[in-house]
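A closer look at the structure
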Amino acid sequence: MTSTILILNGPNLNLLGKRQPHIYGHETLADVEAQCRALAVELGLAIEFKQSNAEHQLIDWIHDAREAAAGLIINPAAFTHTSVAILDALKTCEFPILEVHISNVHQREAFRHHSYVSLAATGVIAGFGVHGYQLALRHMAHLLARKT
Ligand code: DQA
């Protein structure tokens, strides 16, 4: 069993740092990836870090991860609130799934209060800014250590 953790990012997160910085902050997705890579070394985990604006691409990556990964951290972005297809893909996975939102979605528009993805998630982190990715990675390490 590999201990590779897949970190997936959905639509518009490629614009992190430029996009509504009052909500999502000034750090870029490359900054977040670098922070996750540094923490992964400390935790003894391998990570893959990916972003797509396309629903089918995220689904294909989830399918690949079913065999290849030990856990998934996902910020599905707007697909959180719309995608039964991503939920169905996640439901085929047996590893822990941690859902991350940079913003506190519960404090925002009503349509952001519902998450399809949460139906498949082991846990949800929201409103901690980009630090939420590191919290999720630390919790993933904790879950995987408990399993062995
Ligand atoms: C988000 C919250 C979503 O509602 C939004 O569509 C995003 C980002 C977050 O990280 O806070 O694109 O997932």
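Residues numbered from 1 in each chain as written. Predicted model: local features only at pLDDT ≥ 70, side-chain atom pairs only at ≥ 80, totals over all residues. Heavy atoms only, no water.

**What about the site of the ligand?**
As a reminder, the rule being used: For this purpose, a residue is taken to be near a molecule or strand whenever a single non-hydrogen atom of the residue falls within 4 Å of it. Whenever two N or O atoms come within 3.5 Å, that pair is a polar contact, provided that in protein one can donate a hydrogen and the other can accept it, and provided that, for residues adjacent in sequence, both atoms are side-chain atoms. Every accessible area reported is derived by Shrake-Rupley at a probe size of 1.4 Å, with residue values counting cover from the shown protein chains alone. Ten residues, namely Ala, Val, Leu, Ile, Met, Phe, Trp, Tyr, Cys and Pro, are considered nonpolar, four, namely Asp, Glu, Lys and Arg, are considered charged, and the remaining ones, Gly among them, are considered polar.
In the region of the ligand, the neighbouring residues are R19, Y24, N75, A77, A78, H81, H101, I102, S103, V105 and R112. Contact distances for the ligand include 2.8 Å between an oxygen atom and a side-chain N or O atom of H101. S103 is positioned with one of its side-chain polar atoms (N or O) 2.6 Å from an oxygen atom of the ligand. Contact with the protein chains hides 99% of the accessible area of the ligand, taken as 320 Å² for the molecule alone. Each residue belonging to the shell around the ligand can be placed in one class, and the counts come to five nonpolar, four polar and two charged.

**Quick notes on helix α2 (residues 29-43)**
Every α-helix carries 3.6 residues per turn, so stepping three or four residues along brings you back to the same face. Applied cut-off: To qualify as a helix, a DSSP run of H or I must reach at least 4 residues; to qualify as a strand, a run of E must reach at least 2; elements of each kind are numbered from the N terminus. By definition here, a helix of n residues has an expected span of 1.5 Å times n minus one. Summary of the burial criterion: residues with accessible area below 20% of their type's maximum are buried, those above 50% are exposed, and those between are partly exposed, where the area comes from a 1.4 Å probe applied to protein chains only. Along the arc lie the directions from the helix axis toward the C-beta atoms. By definition, residues are in contact when any of their heavy atoms lie within 4.5 Å.
In a regular helix each residue adds 1.5 Å, so 15 residues correspond to 21 Å; α2 covers 21 Å between its end C-alpha atoms and thus fits that length. Every buried residue of α2 is listed here: L29, V32, C36, L39 and A40. Looking straight down α2, one finds its buried side chains confined to an arc of 105°; they lie on one side. α2 presents A30, A38, V41 and E42 as exposed residues on the side facing more than 90 degrees away from its buried surface. The secondary structure elements touched by the buried residues of α2 are β1 (4-9), β2 (46-51) and α5 (131-147). Positive backbone phi, at 75°, marks G44, one or two positions downstream of α2.

**Some remarks on the nonpolar core**
Side chains of a nonpolar character, in soluble globular proteins, are inclined to be buried together. Heads up, the condition is: In this text, buried Ala, Val, Leu, Ile, Met, Phe, Trp, Tyr and Cys residues form a nonpolar core when linked through side-chain atoms within 4.5 Å.
If you look at the biggest cluster of nonpolar residues, it comprises 28 residues, and the most contacted ones within it are I5, I7, L16, C36, I73, Y133 and L137. Listed by contribution, the elements that provide at least two residues to this core are β1, α2, β2, β4 (97-101) and α5. Looking at this core element by element, the count peaks at seven residues for α5. Contacts of I7, omitting those with residues within four sequence positions, involve C36, I47, E48, F49, K50, I73, Y133 and L137. Counting residues in each nonpolar core, the second largest holds 21 residues, with L6, W61, F95 and A120 among its members.

**Some words on the packing of α2 against α5**
Note the threshold: Only C-alpha atoms enter the line fits that serve as axes; for helices the fit covers just the stretch in contact. Angles between N-to-C directions range over 0 to 180 degrees. Convention used here: angles under 35 degrees read as roughly parallel, angles over 145 as roughly antiparallel, angles from 65 to 115 as roughly perpendicular, and any remaining angle as oblique. The hand of a helix crossing depends on one turn: near helix anticlockwise from the far one by less than a right angle means left-handed, and clockwise means right-handed.
Running from amino to carboxyl end, α2 crosses α5 at an angle of 25°, the nearest separation of the two axes being 10 Å. In terms of orientation, α2 and α5 fall into the roughly parallel class. The interaxial crossing formed by α2 with α5 has right-handed handedness. Across the interface between the two elements, V32, Q35, C36, L39, A40, E42 and L43 of α2 pack against Y133, Q134, L137, R138 and A141 of α5.

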